[in-house]
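Coordinate analysis (summary)
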Amino acid sequence: HRHRSMWHASLNKRIIAHRSADDILAMCGEMLSGFDLQNVVTSISCISQCRNGGPRCKTNPQFIEVLHRLEVLWAPGTFCIPEDEREEALPHHFASVAAALARMQPHRRDGTLQRVLRTVAARATVAVPAAQPMDLMLLAWAFATLGYAPKSLMPAIAREATLKIRDFNEMHISIITWAFAKLNVRSDPWITTMVEETLTRLAVLWPQHISNIAWALGTLMIKSDCRIGVDCFRL
C-alpha cells in the first residue's frame, strides 16, 4: 500500500510538470487505468488551466475518458473497485473538479460534464462541514461562474462560511460574497458576519476585494435591518 501511494504521488508530480494539455491527455491515454482519485483530479484541474487546454478540451474523447474514470472512483461499490484501492472523496476533490469544469465553460449538451457537476453538487453538500476555506471559495466561485445555484449546496456553503469566517483570507471573503450575489443567494447571517469581519480588515483589503463586496451588496439590495445598510455604507 505504501509503495502504491508513493507511485501515485510520483504520478501526480509528473502530471503537474506538464505544461501542455495534449501532453497530459497523452499520459492519461497510457496510464489512466492506474490513476488514483488524486491523479484524476489533478489531471482535470491541470487540463483546464493549460495554455492549450480549457474549453477546447471539453469534448476531447480522452478527456471524457478521464471524467469516466473519475465517476468510477467516486462510486467504487457500483463499479467493483477492490477494497484496498477504494478512496474517500474529500471536499478539495469536489472543489477542484467544480472549478476545473467551470473554466471549461460546458454547454447543456456536454452531458458527461453536466453529470459530473450534478454529482459534485450533491456530494459536496454533505462534505462541506469538513471543507477548508479554499474549498468553499472554489465551490462558490465555480457554480457562480456556471450560473447554476444547487438548492442544497449554496445554503450549506453559506452556513459553513459563516462559521469559519475567521479562518478566511480577504480573497475568500470577497469571492464568496460575489458568488452569492451572482446567483442571487441571500444569507443574512453570512452578510452580517461578513460585514463585521470586513470592517476589521479594511486596512489590508485590496481594491478588488472592496469592489467585489460592494457590487455584491448592491446587487442583493440589502436594506438597513440589523445595521447591515449602515455597515455597507461604511464599507
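Up top is the structure.
Criteria and thresholds
Residues numbered from 1 in each chain as written. Predicted model: local features only at pLDDT ≥ 70, side-chain atom pairs only at ≥ 80, totals over all residues. Heavy atoms only, no water. Axes fitted to C-alpha atoms, helices over the stretch in contact; angles between N-to-C directions. Helix = DSSP H or I, 4+ residues; strand = E, 2+ residues; numbered from the N terminus. Parallel < 35°, antiparallel > 145°, perpendicular 65-115°, else oblique. Left-handed = near helix turned anticlockwise from the far one by under 90°. Contact = heavy atoms within 4.5 Å. Nonpolar A, V, L, I, M, F, W, Y, C, P; charged D, E, K, R; others polar. Buried < 20%, exposed > 50% of the residue type's maximum accessible area, 1.4 Å probe, protein only. Polar contact = N/O pair within 3.5 Å; in protein donor to acceptor, adjacent residues only side chain to side chain. Core = buried A, V, L, I, M, F, W, Y, C linked by side-chain atoms within 4.5 Å. Phe/Tyr/Trp six-rings, centres within 6.5 Å; stacked < 30°, edge-to-face > 60°.

Time to look at the packing of helix α10 (residues 170-182) against helix α11 (residues 188-199). As a packed pair, α10 and α11 sit with axes 11 Å apart at the nearest point and diverge in direction by 150°. Between α10 and α11, the angle falls in the class roughly antiparallel. Considering only the axes of α10 and α11, their crossing is left-handed. Residue-level contacts link I173, I176, T177 and F180 of α10 to W190, M194, E197 and T198 of α11. Considering only residue class, the contact of α10 with α11 consists of 5 nonpolar, 2 polar and 1 charged.

Turning next to the side chain of T42. In this structure, T42 sits in helix α3 (residues 37-49). Judged by relative accessible area, which is 8%, T42 ranks as buried. In terms of polar contacts, T42 uses its side chain to reach the backbone carbonyl oxygen of Q38, at 2.8 Å. Not counting chain neighbours up to four residues away, the residues in contact with T42 comprise N12, I15 and I16.

Here we come to the nonpolar core. Residues L101, V120 and W190 are the most contacted members of the largest nonpolar core, which totals 77 residues. Dropping the residues within four chain positions of it, L101 is found in contact with I44, F63, L67, P106, L113, V116, L117 and L146.

On to the packing of aromatic side chains. Tallying each qualifying case throughout the model produces 4 aromatic pairs. Here W74 and F94 contribute two aromatic rings whose centre-to-centre distance is 5.4 Å and whose plane-to-plane angle is 50°, an arrangement assigned as tilted. A residue pair is termed long-range when its members are at least 10 positions apart, and W74 in helix α4 (residues 61-74) and F94 in helix α6 (residues 91-103) qualify at 20 residues. Relative accessible area serves as the criterion here: at 7%, W74 is assigned to the buried category. When the centroid spacing of 6.2 Å and the interplanar angle of 85° are considered together, the rings of F180 and W190 count as edge-to-face. One end of the pair, F180, is in helix α10; the other, W190, is in helix α11, and 10 residues separate them in sequence. Classification of F180 as buried rests on a relative accessible area of 2%. An aromatic cluster is built from F168, F180 and W190, whose rings are joined through pairwise contacts.

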